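Structural overview
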Protein chains: 2
Amino acid sequence: MMGNLRFTIKNRSRGCRARTGMLKLKHGSIKTPELMPVATKATVKALSSEDLEEIGAQLLICNTYHLMLRPGPQIIEDFGGLHNFMNWKKPLLTDSGGFQAFSLGLGIEHATGKMSLYFPESNNKSSKKPQKSIVKMTERGIYFHSVYDNTKHLLTPESSIEIQEKLGADMILALDECTSPLSSKEYTEEAMERTHRWAVRCVEAHRTDQALAGIVQGGLWKDLRERSARFISALPVDSIAIGGSLGKSKKDMHEILDWTIPLLPEEKPRHLLGIGVVEDIFEGVERGIDLFDCVSPTRVARVGHAYTRPLLGTIYNKFKFNVTLAEYRNDKRPLDPKCRCKICRNYSRAYIHHLFRTGELLAYYLVSYHNVYFFISMMKDIRKAIDSGPSGFMKMKKEWGIGQN
Amino acid sequence: MMGNLRFTIKNRSRGCRARTGMLKLKHGSIKTPELMPVATKATVKALSSEDLEEIGAQLLICNTYHLMLRPGPQIIEDFGGLHNFMNWKKPLLTDSGGFQAFSLGLGIEHATGKMSLYFPESNNKSSKKPQKSIVKMTERGIYFHSVYDNTKHLLTPESSIEIQEKLGADMILALDECTSPLSSKEYTEEAMERTHRWAVRCVEAHRTDQALAGIVQGGLWKDLRERSARFISALPVDSIAIGGSLGKSKKDMHEILDWTIPLLPEEKPRHLLGIGVVEDIFEGVERGIDLFDCVSPTRVARVGHAYTRPLLGTIYNKFKFNVTLAEYRNDKRPLDPKCRCKICRNYSRAYIHHLFRTGELLAYYLVSYHNVYFFISMMKDIRKAIDSGPSGFMKMKKEWGIGQN
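Residues numbered from 1 in each chain as written. Chains lettered and ligands numbered in written order. Predicted model: local features only at pLDDT ≥ 70, side-chain atom pairs only at ≥ 80, totals over all residues.

1. Some words on helix 14 (residues 349-357) of chain B
- Of all nine residues that make up helix 14 of chain B, eight are buried, and the element is covered over most of its length.
- For helix 14 of chain B, the set of buried residues is Arg349(B), Ala350(B), Tyr351(B), Ile352(B), His353(B), His354(B), Leu355(B) and Phe356(B).
- Elements in contact with the buried residues of helix 14 of chain B: helix 3 (73-78) and helix 4 (82-86) of chain A together with helix 15 (361-388) of chain B. (Buried ≥ 20, exposed ≤ 12 C-beta atoms within 10 Å, placed from the backbone. Helix = DSSP H or I, 4+ residues; strand = E, 2+ residues; numbered from the N terminus. Contact = placed C-beta atoms within 7 Å.)

Written out as structure tokens, the structure is:
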């Protein structure tokens, strides 16, 4: 059955596919385009639900892989679902568990992440050498060993849907098989076809009023991406996600979006899975993406990288700087002088530098809060730019100096 | 000179020395008795200034030892003092640096803390075996090696005051030498007399309008404690702190307070240094203590120990329980069902248990917030009980089941 979702497009840019819209889900309405902070294990690292509410986050995404293992779907169902368990009243998404199967399987074998840019959260952080996979893909589903206690588990399209029903998010994702940028075309095609068969099984297994998203795969091959876009678009799903390997470079990612998006139904929201650095968000919005999710804002925060508006970053990265460096030891400015978040109104770089240098927990909180605020506020500005007129978005992109090297 | 401090006693209990009062300092007024959360390195671990404001903390204490080494007094002075540096607008205390000299010196040699109950924050947490001290006491002051980089430092009464003036707290402490419960009477007397001479030097060195507290020493000997109480009371200080070894048992501590307090001037506030578990606070208030400070609320929080009202703890500890234990895995109750803090209104034991089991940073935040709230709210109730009538406090103490084994 189709889920509880309504999507209305509000404004479109001229000369590109950028659009604003309103996405209505069971627990509330979301203005798009939007980035959702990642609450991997039912918590956005270092932040409380009250913080996220205060920041203005509209929706969060949680990881089925982690939650099915700890604390287990039964405990969460006993609480009436994730919303109650984690005290989050607005919309929630869960993924299918498939991406962690990738990052712990092929990701380990190929020692790579989605674009060789990110390396997914896994148990082999310290080593990027190829290792033996602890995951086995079969037609039935994914066999894997828990990263927590090495117990063996099977995740099928049906069990993924069943677990996600227990978790009770507003929107759930079909089980897919993610491939790496190093996978052969042959293997990528095989995985894509399995993903399509699994998507059909997910649609059949799905019984609640949760919205269901299908996932386009196909790696970095035009014909595969097009076939997958057409196949997933033809299914009775509520939303379309774009997953899998997005190639080895930014250019690859742009091409993949340019091949895929024109083939997707205009009236369904589009979610670019796991992508969320500043440049990628602008490029994604330009190409018609409505939803993003990325762990980067909080992950980089924990090593002291703070986001800033254009021209205030470092020469290496226009949009962030490392507050743990000695040069910030006596810096009285806030992390981002143009930011209005409570961290930037109240705390200096020097203080936050001090907290990192002395290993204080508050350091992680302050930078995580600011970074999430930075992205939520950037998304607001992007929506405002799109709504301001047909060339508003491209003007903002230019002002942010994106795509101009 | 005398500092900017006014203390007014409001109500007294009958049959004991418990009292409520109003302590006016430069940055505001404090209702006493009160416990101040410890912001060791200019942060109460895991909590922001906004959290502490929300909890209703009235004053905080920071550690001169740590701040003189990281980030250094000059950086804090450049910010106009600790209040600006850490964004705390209400009153602040700093200690003299003397206690860390103890905990890193004699505390290491004797492998002990104040009452063998606490072990002070130091670089030898993993080992409680006696070690060679990295501290040398001389008439001039305390020579020590930095725990951060092993550089050699000298802390004198004059330099302690000078550094504390740069830090700019509302109240500062004279430099003292703390002894251990294992120190001989001879050594304790020698250290006490040095402490007295240092107190005189501190009074002479003190030039700002910060309030200055003198510290009573004398270990667990009646004649020494009495001599010290008389000596420090005769000095032109604004407040009296009771420091040093408080013996090897609760009974020792009670005796020391019973010897000391009747000899202190009635009109000056009394601060029992570094003591703050539930029972000790009640026993201290009963004996006439106005101020407490203790790291325990946040320290135990980080290993999952949450405070609860009477009868809701474990059989081992009436006032707290370990939320990381398996029995809380599915417990839908808040940490303390009688607590009104935002953590107890919004989060369950099961969720917090999950966060500890998966190593999530939010776990430290949630329990630290609750535990500090627990103490601040308990102090409010103690003040209310004292104000309610002459036997109100002893009635509350009985209800809390304290002193009745």
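From this point, the discussion proceeds with the structure in view.
2. Describing the sheet that holds strand 10 (residues 171-173) of chain A
Residues and elements named next belong to chain A.
- Strand order in the open sheet made by the eight strands is 4-14-13-12-11-10-6-5, with parallel pairing throughout. The open sheet terminates on both sides in strands that have one partner only, identified here as strand 4 (34-37) and strand 5 (60-62). The sheet shows a mean angle of 25° between the axes of neighbouring strands, direction not considered.
- Here strand 11 (residues 211-216) pairs with strand 12 (residues 239-242) via four bridges, running parallel. Paired with Val216 across the two strands is Ile242, which belongs to strand 12. (Pairing = 2+ DSSP bridges. Axes fitted to C-alpha atoms, helices over the stretch in contact; angles between N-to-C directions.)

3. Overview of the relation of the copies chain B and chain A
- The transform that puts chain B on chain A rotates by 180° and translates by 0.0 Å along the axis, for an RMSD of 0.0 Å. The transformation just described matches what one would write down for a two-fold rotation axis. Identified as the residue of chain B closest to the rotation axis by C-alpha distance is Leu361(B), at 4.0 Å.
- Mapped onto chain A, 100% of the interface residues of chain B are again interface residues, and the two copies thus contact each other with one and the same surface. (Least-squares fit on C-alpha atoms with pLDDT ≥ 70 in both.)

4. Structural notes on unusual backbone geometry
Residues and elements named next belong to chain A.
- In this model, Arg70 is joined to Pro71 through a cis peptide bond whose omega is 0°.
- Relative to the assigned elements, Pro71 resides in the loop between helix 2 (64-69) and helix 3.
- One non-glycine residue, Ala46, lies in positive phi territory at about 80°.
- When you line up the elements, Ala46 lands in the loop between strand 4 and helix 1 (49-55).
- Accessibility expressed as a C-beta count within 10 Å gives 25 for Ala46, which makes it buried.

5. Comments concerning the sheet that holds strand 2 (residues 19-25) of chain A
All names here are of chain A.
- What the three strands build is an open sheet, ordered 1-2-3; its pairing is antiparallel. Looking at which strands have only one partner, the edges of the open sheet turn out to be strand 1 (5-12) and strand 3 (28-32). Strand-to-strand, the axes of this sheet are offset by a mean angle of 15°, without reference to chain direction.
- Here five bridges tie strand 2 to strand 3, and the two strands are oriented antiparallel to one another. Bridge assignment links Gly21 to a residue of strand 3, and that residue is Thr32.
- Contacting strand 1, strand 2 and strand 3, helix 15 (residues 361-388) crosses the sheet at an angle of about 120° to strand 2.

6. A few points about the pairing of strand 4 (residues 34-37) of chain B
All names here are of chain B.
- Of the two faces of strand 4, the one lined by Glu34 and Met36 and the one lined by Leu35 and Pro37 are each fully buried.
- With four bridges connecting them, strand 4 and strand 14 (residues 291-294) associate as parallel partners. Bridged to Met36 within strand 14 is Asp293.

7. So, the environment of Thr43(A)
- By the secondary structure assignment, Thr43(A) is in the loop between strand 4 and helix 1.
- Once the C-alpha coordinates of Thr43(A) and Leu60(A) are considered, the two residues, 17 residues apart in sequence, prove to be 9.3 Å apart.
- Sequence-distant contacts of Thr43(A), that is, excluding residues within four places in its chain, are made with Met86(A), Leu355(B), Glu360(B) and Leu362(B).

8. Concerning the interface of chain B and chain A
- Taken together, the 32 residues of chain B in the interface contact 32 residues of chain A.
- No other element matches helix 14 of chain B, which puts five residues into the side of chain B that touches chain A.
- Along the lines of polarity and charge, the residues of the side of chain B that touches chain A split into 15 nonpolar, seven polar and ten charged. (Nonpolar A, V, L, I, M, F, W, Y, C, P; charged D, E, K, R; others polar.)

9. Focus: the pairing of strand 8 (residues 142-145) of chain B
All names here are of chain B.
- With burial as the criterion, only one face of strand 8 is covered, namely that bearing Ile142 and Phe144; the residues Tyr143 and His145 on the opposite face remain uncovered.
- Inspection of the sheet shows strand 7 (residues 135-137) paired to strand 8 by three bridges, in the antiparallel sense. By the bridge assignment for strand 8, Lys136 is matched with Tyr143.
- The loop that links strand 7 with its antiparallel partner strand 8 comprises four residues.
- Of the pairings in the sheet, the one linking strand 8 to strand 9 (residues 152-155) comprises four bridges and is antiparallel in character. Note on strand 9: the bridge partner recorded for Phe144 is His153.
- If you look at the hairpin formed by strand 8 and strand 9, you'll find six residues sitting between the two strands, and Asn150 has a positive phi there, around 65°.

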